[in-house]
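Below, each chain spelled out in residue letters.
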Amino acid sequence: MAASVREKQKAALRRMLNFNSPPLKNTAAEPVWKVLIYDRFGQDIISPLLSVKELRDMGITLHLLLHSDREPIPDVPAIYFIMPTEENIDRICQDLRSQLYESYYLNFISAISRSKLEDIASAALAANAVNQVTKVYDQYLNFITLEDDMFILCHQNKELISYHAINRTDLVDTDMEAIMDTIVDSLFCFFVTLGAVPIIRCPRGNAAEMVAVKLDKKLRENLRDARNSLFTGDNIAAGQFSFQRPLFVLADRNLDLATPLHHTWTYQALIHDVLDFHLNRVTMEEGAGSEASPSGARPKKKNRKTFDLTAADKFWQNHKGSPFPEVAESVQTELDSYRAQEDDVKRLKSIMGLEGEDEGAISMLSDNTAKLTSAMSNLPELLEKKRLIDLHTNVATAVLDHIKSRKLDVYFEYEEKLMSKTTLDKSLLDVISDPDAGTPEDKMRLFLIYYITSQQAPSESDLEQYKKVLLDAGCDLSPLNYVKQWKAFAKLATAPANAYGTGGVKPMGLFSRVMNSGSQFVMEGVKNLVLKQLNLPVTRILDNLMEMKSNPETDDYRYFDPKMLRGSESSIPRNKNPFQEAIVFVVGGGNYIEYQNLVDYTKSKPGKKVLYGCSELFNAAQFIKQLSQLGQK
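Residues numbered from 1 in each chain as written. Predicted model: local features only at pLDDT ≥ 70, side-chain atom pairs only at ≥ 80, totals over all residues. Heavy atoms only, no water.

Student: Hey, could you run me through the environment of Gly42 in this one?
Tutor: Within the secondary structure, Gly42 sits in helix H2 (residues 40-46). As for Gly42 and Phe143, which are separated by 101 residues in sequence, their C-alpha atoms are 9.7 Å apart. (Helix = DSSP H or I, 4+ residues; strand = E, 2+ residues; numbered from the N terminus.)

Structure representation (structure tokens):
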């Protein structure tokens, strides 16, 4: 199996931090000490991939933001990792004039234009610093990898390419062009880093098609220019997946508005839904609202804690896609096994203080010394285990508080039934009007899913009744205005009869292990729901295209092959074999529910590899906000 895009992006960063030459294997040599200067974009790309410790091991003593006040450090080389924007270029020129560092290695996250290069050159000449500007590189790293099989385009300025930005009614063509160019620039960087030229498929008549046309053109031009092509020579040798090229499926968010609003039940998606989770880092307030402050006293300032959920965390890797009850059970199991190990060490300590010099004690002592030595050597491992258990206990408890206070299990189960068209055990009005179930936003999400997935739109009188209950519950109705327009428009494009497949959830009796009173997690009243695998629309489209299945939903998808000399206007694929590798990209934003659905789909297809990407990652709250901006009259 070829290296994942995460590994490749990491390798590219390591090469850059080693002055753009491959890092040496023998680590005995002292690294060259240097400073790293990045902008916010660079910071977002590096932080999910390299920890501060890894940076230090590579000789980075300081990492500073470009637009912060920096002191001169005259005898140290500086590596810059920034976007080629006007203000960044101005700041570099200012650094050259102030002679901040010994030498400058300028790395641009995406390609810099000729005119901006000339600006730097003239500033270097004026500052008499031409010799100090050692190297200038285009890195083509303008995307953020969050998992081995997941990437997003950006975290800064994401509102510029958001669902709201693409679907605004007052959008002029030039703005749309700019949004598409931004998306294509990042996707181009992604394929350069991957070292593969994909075969592109997309639906007709939406933003995804515009991205496909532009990306095809950009890849084609680069392949045409033999001298400067980024897909020849060493890049490709390093990037060969297999002889097969990957399939690149572009989907449009408008294809499925229900999934981003859906309440979820798997660990990673729940964290993203109810906590503050960005770029693999979760931020929580400590001890939120447990002890009441005495009357009249100023409430205590809450400490904010951040936790990194990384690839090195085995528990996270194994359980991020598991249903929440299973996670709570596993955290408890880990905790019990850790306590057992801890007790062993404590017991050894007490035995070591043996009185009396009799024979038995001496032989026991030598026996225990060996045990203690092994216990000591396991100590760092044990401490790391404890740190991870504490982290997941904290995070899972915070998630559980939300589930219980908002009855999220009820919402999840009800929405699954709506989406899979199974019979409902109680009316939607009951759920929405229950004052104890959920926030106004939860109610709105549920109602929108009902509205999006219903075959027959509710009659005007029913709709008025729903609206009244929603308003009484404190909901903002503007998202509904937008979804109504969207649904009327989508009707013209004919929605498939059963977009979300059949299936749903089956409640499993109560939690066995977790229900016992000794557990950290008090799960009373929370349903133990187990997911049945059903493919969401994005997964289903991928399946059709990857397996070359004929399906009215995807038969009309356009086909682009940037390696063909003449671009052909066809939807007839030249390649008739199923693909082994595919990348799905959602224009207009994606979420962890879809990602998890694709991961589960791939598990059922041995030998296949699927990557998920999206222009931005939003949770339901952020998505509803965009819908309500679009729906404001």
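Student: Is there a simple way to think about the packing of helix H1 (residues 5-17) against helix H7 (residues 173-194) in this case?
Tutor: To characterise two packed helices, one gives the angle between the axes of the helices and the distance between these axes. Interaxial distance between H1 and H7 falls to 9 Å at its minimum, and their mutual angle equals 90°. Taken together, H1 and H7 sit at an angle that is classed as roughly perpendicular. Residues Val5, Lys8 and Gln9 of H1 touch H7, and the partners they reach there are Phe190, Thr193 and Leu194. Residues belonging to the contact of H1 with H7 are distributed by class as follows: three nonpolar, two polar and one charged. (Axes fitted to C-alpha atoms, helices over the stretch in contact; angles between N-to-C directions. Parallel < 35°, antiparallel > 145°, perpendicular 65-115°, else oblique. Contact = heavy atoms within 4.5 Å. Nonpolar A, V, L, I, M, F, W, Y, C, P; charged D, E, K, R; others polar.)

Student: Looking at this structure, I do not really get the sheet that holds strand S3 (residues 73-82). What am I missing?
Tutor: Across a sheet, paired strands are connected by hydrogen bonds in the backbone, their directions being either parallel or antiparallel. Pairing in this open sheet of five strands is parallel, and the strands run S2-S1-S3-S4-S5 from one edge to the other. Every interior strand has two partners, whereas the edge strands, strand S2 (60-65) and strand S5 (133-138), have only one. Going across the sheet, the axis of each strand differs from the next one's by a mean of 20°, ignoring polarity. Of the strand pairs in this sheet, strand S1 (residues 34-38) and S3 are connected by four bridges, and their pairing is parallel. Among the inter-strand pairings, Tyr38 is bridged to a residue of S3, identified as Phe81. Set on the sheet, H1 makes contact with S1, S2, S3 and strand S4 (101-108); between it and S3 the angle comes to about 155°. Taken strand by strand, helix H4 (residues 86-98) contacts S3, S4 and S5, and its axis lies near 165° from that of S4. (Pairing = 2+ DSSP bridges.)

Student: Teacher, can you tell me more about the pattern of salt bridges here?
Tutor: In the structure shown here, the tally under the stated rule is 34 salt bridges. Measuring nitrogen to oxygen at the nearest pair gives 2.9 Å for the salt bridge that ties Lys214 to Asp181. Of this pair, Lys214 sits in helix H8 (residues 207-224) while Asp181 sits in helix H7, placing them 33 residues apart in sequence. Asp181 gets classed as partly exposed once you look at its relative accessible area, which sits at 40%. Of the charged contacts in the structure, one is a salt bridge between Glu594 and Arg253, with a shortest N-O distance of 2.6 Å. Of this pair, Glu594 sits in helix H21 (residues 592-603) while Arg253 sits in the loop between strand S9 (247-252) and helix H10 (267-274); the two residues are 341 residues apart in sequence, bridging distant segments of the chain. The same class applies to Glu594 as to Arg253, namely buried. Each member of the salt-bridge network shares a partner with another, and the members are Asp273, Arg406, Asp442 and Arg445. (Salt bridge = Lys/Arg side-chain N within 4 Å of Asp/Glu carboxyl O. Buried < 20%, exposed > 50% of the residue type's maximum accessible area, 1.4 Å probe, protein only.)

Student: Where do I start with a nonpolar patch on the surface in this structure?
Tutor: Together, Met376, Leu379 and Leu383 make up an exposed nonpolar region whose accessible area comes to about 280 Å². Mapping Leu379 onto the fold places it in helix H14 (residues 379-406). (Patch = residues over 30% accessible without salt bridge, like charges linked within 9 Å, V, L, I, M, F, W, Y side chains within 5 Å. Areas by Shrake-Rupley, 256 points an atom, 1.4 Å probe, with all protein chains shown as cover.)

Student: Teacher, can you tell me more about the sheet that holds strand S12 (residues 304-308) here?
Tutor: The strand order S10-S11-S12 describes an open sheet built from three strands, whose pairing is antiparallel. In the strand order of this sheet, the two ends are held by strand S10 (276-278) and S12, each with one partner. Averaged over all neighbouring strand pairs, the angle between strand axes comes to 20°, with direction disregarded. Examined bridge by bridge, strand S11 (residues 281-285) and S12 share five bridges and lie antiparallel to one another. Looking at S12, one finds that Glu285 is bridged to Arg304.

Student: Would you mind going over the environment of Ala621 with me for this structure?
Tutor: Within the fold, Ala621 resides in helix H22 (residues 620-631). As a C-alpha pair, Ala621 and Val274 span 347 residues in sequence and 8.8 Å in three-dimensional space.

Student: What am I meant to see in H4 here?
Tutor: It helps to recall that an α-helix has 3.6 residues per turn; residues three or four apart then point in one direction. Between the first and last C-alpha of H4 there are 19 Å, a value that for 13 residues agrees with the 18 Å anticipated at 1.5 Å per step. Every buried residue belonging to H4 is among Asn88, Ile89, Arg91, Ile92, Cys93, Asp95 and Leu96, and all of these are buried. Buried positions along H4 lie against S3, S4, helix H5 (114-126) and S5. Immediately beyond the C-terminal end of H4, within one or two residues, lies Gln99, with a positive phi of roughly 50°. (Expected span 1.5 Å × (residues − 1).)

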